[in-house]
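A structural walkthrough
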Amino acid sequence: MKQRQAICGLCFHSPGCGVIARLDENDRIVGLAPDPGAPLGRVLCPIAGSVEQIVYSEKRITRPQKRVGPKGTYEFEPVSWDAAYDLIAEKLAEMKDQYGPEAAGFYAGTGSYERSFKDAFQLKDSEIYLASSILFPYGSPNTFGVGAPCYTSLGVLAPKVTMGCRHIDMFSDVDNADLILVWGTDPSTATPPAMFERLKTAAEEGAEIIVIDPRKTRCADLEGSRWVPIRPGSDGALALGLSHVLVRNNLYDREFVENWTRGFDDFARYVQDFAPERVSRLTGISEEAIEDLAERIADAEGATYIMYTGLEYTKSGVQNIRAVMVLWAIAGQLDVEGGRCFLGPDRVFPLPDAHRLATPGFDKSIGKDRFPVYARFCGGEPHASLLPKAILEEDPYPIRALLVLGASLATAWPNAAMWRQALEKLELLVCMDLQMTRDAAYADLVLPAATAFEHASYCYYGNAVRYREQLIEPVGESKSGFQILTGLADRMGYGHMFPKHPDDLLAAILRESGYTMDELMAADRKTLSLQEAPMTWRKWEQGLLRKDGQPGFDTPSGRFEVFSEILNELGYDGLPKYEESDETPVSRPDLAERYPLILGTGPFKPDMKSCLRAIPDFIKKYPYPALQIHPVDAEKRRIKTGDGVSIKTPRGEVVMRADVTDRIMPGFVYAPVGGGGPLGTAEWQQANINEITDDGQYDPISGFPVYKTLLCEVKKKKRVRKGMASSDPNLGCGG
């Protein structure tokens, strides 16, 4: 048995957790252990325990596959890479001649988030990597990415229009905070898992942790922690209610408000309507708890928050997040020790962007005039939610070809039936992934992707860069996403417009900071870190947040924009106003009579949505999709744990099994995502919760679907099928 220091290569949600990899005599990975001396190496997520099953799964795609059967089936034959590239290049050339380059599109999913891939294909003027520029030289502006339904509201849009920065330009100082709000996220199941370890330490040292969530996560079990259940989708109302208390009681930071904000007076008038009495009715949180929480935030010697998708997936997702940011700023907890802080300059390796390609023209894309805030900060990327309409209704014009890397559109987006129809109508669909997806049932070609263990690259941690050594040989003929697309670019005749190897990108990153590849390769664990500089606070006073070096914030006004000029300019409300989603007990009490429960959806860890359905460890832990339901709601419906249940919305029904638990608030049920693909047990293959979500409900600023606040009813099913339904030819005429 051999051991090697390495970087985990199973997921790309994390910059890359440091591991000690165990390899057998055949150089196969058989296990991973933490490497505390490496970046993000102190603790690993549960997925790491299944590394051998994932890397060497019998369901891995190991050769390019060309369709030989009808669409809707998984009937393929293996072909060479050359033949696959030829087919794509020839078909795209034909389409360009016949329809124009805009008829082709590319979709990059979470599986594309490997660092060198992101740096090679990030769009010019996009704040972060979200989509790929691979078809820009071909002439198509129609590139799409998983940022359209995930992260971008929190990561880019809300902070950019409020403070002029991105989420990754800031940090939550949990190591020094007296009060930590864990709001709409579960760090105990996150990748990387390091934040939960820091929260455990904070709790042991006496920090108060308040979990605001419809579900009681493990964070609420930490010493001194408290769970505050909240009606899903009402988080923005809570944030505004807390600000109401601060303003009413003169607990806000008057100096900051007067000298560094824009729009506070209008905001103060607006939050007068969010008195604790009203907010209590909206959120289900008591008036006393609201008053107490506001005072705790204002009085804490360092209060910070950890926040994510729980606030994004409502009609006012971006504004919900902005409301929390405004709350923190006026409470005096912005960029102070223990607060929500800015990194400031000279704390990250700068990423060169001269090689990035600009869109051939957003106005030529299917996204023209739609979701302008998203397009503005995402390099002119059209919103992926517009794809089905372009394919099925040819509005504004038809998309006829789509290349999909590391994604499962038919299980990830609302209204799965519509997405299947769209994929089936395409004249060319190419899927690139580790295993077969639901999308692949309609693909003309399926290309084998590799895990990050199977190729060389690098990882970027902001203040550190580490070389990713290739740990094992590729499984079969699989290639990394970087290799697949640069190979395609070569075949299309414009390979010279993209880097040839990850090392080329890495060398450019190092040059920007005065380092060389030789220095990196000679360093311990092939890792270079920037020297830590003393932390300074209230950086807006020192000119550390603006590109011109002047005091203030990098916003149009130079101030913290409670009233956002950018939102106002683009036709949205400049204040962080709260709006009920279209389908809640408050907005649709009539519908709630028939569908009295609130449905939320999301992954259960260890899980990467639809990616691990065929992994034995996952099947053992989650042999069937389980709907979490509170005992009070279950008893009314005579439902017990393990019972088959039908989850019904106005759009249809999906069958799962019940998990009766008091770790979820009454009136709310939580369903796992990622079912409906070709892998895993029959129950998983039949249970795509997005069959009954709604593509017509979304945040008008970000375009994010409403995944967390839909209405439903749950009924006990008398029978749960163990397999797929089929006719029996033996019945003959008697059938």
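Structure first, text after, so check above.
The text that follows walks through the structure, step by step, so that each part is easy to find. Every value quoted in this text rests on a predicted model; they were computed, and no experiment measured them.

1. Some thoughts on the overall build of the chain
Of the regular secondary structure elements, the chain holds 23 helices and 27 strands. The C-alpha atoms of the chain give a radius of gyration of 25 Å, which matches the 27 Å a tight globule of 735 residues would have. Each principal axis of the C-alpha distribution contributes one length, and for the chain these read about 75 × 70 × 55 Å. Within the chain, buried positions represent 61% of all 735 residues. The long-range share in the chain, meaning contacts at least 24 apart out of those at least 6 apart in sequence, stands at 73%. When the accessible surface of the chain is totalled, it reaches about 28200 Å², and 46% of it is carbon and sulfur. Distance between charge centroids for the chain: 5 Å, based on 83 positive and 101 negative side chains.

2. A short note on the pattern of salt bridges
Taken as a whole and assessed by the stated rule, the structure comprises 45 salt bridges. Ionic pairing is found between Glu255 and Arg538, a salt bridge with its closest N-O pair at 2.7 Å. Of the two residues, Glu255 sits in helix α7 (residues 254–260) while Arg538 sits in the loop between β20 (527–529) and β21 (560–561), which places them 283 residues apart along the sequence. The exposure class of Glu255 is partly exposed, given its relative accessible area of 34%. For Arg538, a relative accessible area of 18% corresponds to the buried category.

3. Thoughts on unusual backbone geometry
Residues Asp395 and Pro396 are joined by a peptide bond in cis, for which omega reads 5°. Mapped onto the secondary structure, Pro396 falls in the loop between α13 (387–392) and β15 (401–405). A positive phi angle, near 70°, is found at Asp369, a position not held by glycine. With respect to the helices, strands and loops of the structure, Asp369 is situated in the loop between β14 (340–342) and α12 (372–377). When its relative accessible area of 65% is taken as the criterion, Asp369 is described as exposed.

4. Description of the sheet that holds strand β13 (residues 303–307)
Across a sheet, paired strands are connected by hydrogen bonds in the backbone, their directions being either parallel or antiparallel. Strand order in the open sheet made by the four strands is β11-β10-β9-β13, with parallel pairing throughout. The open sheet terminates on both sides in strands that have one partner only, identified here as β11 (225–228) and β13. In this sheet, neighbouring strand axes are inclined to one another by 20° on average, regardless of whether the strands run parallel or antiparallel. Strand direction decides the pairing type here: strand β9 (residues 179–183) and β13, joined by five bridges, are parallel. By the bridge assignment, Trp183 is partnered in β13 with Met307.

5. Section: the nonpolar core
Considering soluble globular proteins, one finds that nonpolar side chains tend to be buried as a cluster. In this structure, Tyr107, Leu181, Trp183, Leu334 and Phe553 are the most contacted members of the largest nonpolar core, which totals 167 residues. Top contributing element to this core by residue count: helix α11 (residues 317–330), with ten residues. Ala21, Ile615, Phe618 and Leu711 belong to the second-largest nonpolar core, a separate cluster that totals 35 residues.

6. Describing the sheet that holds strand β18 (residues 457–460)
Ordered in space as β18-β19-β20, the three strands form an open sheet in which the pairing is antiparallel. Of all strands in the sheet, those with a lone pairing partner are β18 and β20, marking the two edges. If you compare each strand with its neighbour and ignore which way they point, the axes differ by 15° on average. Here β18 runs beside strand β19 (residues 464–468); their pairing, made up of four bridges, is antiparallel. In the sheet register, Tyr458 faces β19, and the bridge partner there is Tyr467. Helix α17 (residues 502–512) rests against β18, β19 and β20 of the sheet, and its axis sits at about 40° to β18.

7. A look at the environment of Gly600
Looking at the secondary structure, you find Gly600 in strand β22 (residues 597–602). The spacing of Gly600 and Thr693 is 93 residues in sequence and 10.0 Å in space, taken between C-alpha atoms. The contacts of Gly600, once residues within four sequence positions are left out, are Phe668, Val669, Tyr670, Ala671, Tyr707 and Lys708.

8. Section: the state of the cysteines
Summed over all chains, the structure comprises zero disulfides. For the unlinked cysteine Cys378, the closest cysteine sulfur is that of Cys150, found at 13 Å. A relative accessible area of 0% places Cys378 in the buried class.

9. With respect to the packing of helix α6 (residues 235–248) against α11
Interaxial distance between α6 and α11 falls to 8 Å at its minimum, and their mutual angle equals 25°. Classified by the angle between their axes, α6 and α11 sit roughly parallel to one another. In the packing of α6 onto α11, the handedness of the crossing is left-handed. Residues Gly236, Ala239, Leu240, Leu242, Ser243 and Leu246 of α6 pack against Asn320, Ala323, Val324, Leu327 and Ile330 of α11. A class-by-class count of the residues in the contact of α6 with α11 yields eight nonpolar, three polar and no charged.

10. Quick look at the side chain of Arg468
Locating Arg468 in the fold gives a position in strand β19. No salt bridge is formed by the buried Arg468; its nearest oppositely charged neighbour, Glu114, is found at 4.8 Å. Aside from chain neighbours lying at most four places away, what touches Arg468 is Ile7, Cys8, Gly9, Ala452, His455, Ala456, Ser457, Tyr458 and Cys459.

11. Side note on helix α4 (residues 152–163)
Burial within α4 is extensive, with twelve of its twelve residues counted as buried. Looking only at α4, the buried set comprises Thr152, Ser153, Leu154, Gly155, Val156, Leu157, Ala158, Pro159, Lys160, Val161, Thr162 and Met163. Just downstream of α4 lies Gly164, where phi reads positive at about 80°.

12. Overview of the packing of aromatic side chains
Taken as a whole and judged by the stated rule, the model has 27 aromatic pairs. Residues Phe618 and Trp684 carry aromatic rings whose centres are separated by 5.8 Å and whose planes lie at 50° to one another, so their mutual orientation is tilted. Remark: Trp684 occurs in helix α23 (residues 682–685) and Phe618 occurs in helix α21 (residues 616–621); sequence separation between them is 66 residues. Trp684 carries the same exposure label as Phe618, and that label is buried. A connected cluster of aromatic rings, assembled from ring pairs, spans Tyr113, Phe117, Phe121, Tyr129, Phe482, Tyr494 and Phe498. Here the basic side chain of Arg613 rests over the ring of Trp684, its NZ or CZ set 3.8 Å away from the ring centre.

13. Thoughts on the packing of α6 against helix α10 (residues 287–299)
What describes two packed helices is the angle between their axes and the distance between those same axes. Between α6 and α10, the least distance of the axes is 9 Å, while the angle of their chain directions is 70°. Compared by their axis directions, α6 and α10 come out roughly perpendicular. Relative to α10, the crossing made by α6 is right-handed. Judged by residue contacts, Leu238, Leu242, Val245, Leu246 and Arg248 of α6 engage Ile290, Glu291, Leu293, Ala294, Ile297 and Ala298 from α10. For the contact of α6 with α10, a count of residues per class yields nine nonpolar, no polar and two charged.

Rules and cut-offs
- Residues numbered from 1 in each chain as written.
- Predicted model: local features only at pLDDT ≥ 70, side-chain atom pairs only at ≥ 80, totals over all residues.
- Heavy atoms only, no water.
- Helix = DSSP H or I, 4+ residues; strand = E, 2+ residues; numbered from the N terminus.
- Rg over C-alpha atoms; globule rule 2.2 N^0.38 Å.
- Buried < 20%, exposed > 50% of the residue type's maximum accessible area, 1.4 Å probe, protein only.
- Contact = heavy atoms within 4.5 Å.
- Areas by Shrake-Rupley, 256 points an atom, 1.4 Å probe, with all protein chains shown as cover.
- Lys, Arg positive; Asp, Glu negative; His and termini not counted.
- Charge placed at Lys NZ, Arg CZ, Asp CG, Glu CD.
- Salt bridge = Lys/Arg side-chain N within 4 Å of Asp/Glu carboxyl O.
- Pairing = 2+ DSSP bridges.
- Axes fitted to C-alpha atoms, helices over the stretch in contact; angles between N-to-C directions.
- Core = buried A, V, L, I, M, F, W, Y, C linked by side-chain atoms within 4.5 Å.
- Disulfide = S-S within 2.5 Å.
- Parallel < 35°, antiparallel > 145°, perpendicular 65-115°, else oblique.
- Left-handed = near helix turned anticlockwise from the far one by under 90°.
- Nonpolar A, V, L, I, M, F, W, Y, C, P; charged D, E, K, R; others polar.
- Phe/Tyr/Trp six-rings, centres within 6.5 Å; stacked < 30°, edge-to-face > 60°.
- Lys NZ or Arg CZ within 6 Å of the ring centre and 35° of its normal.

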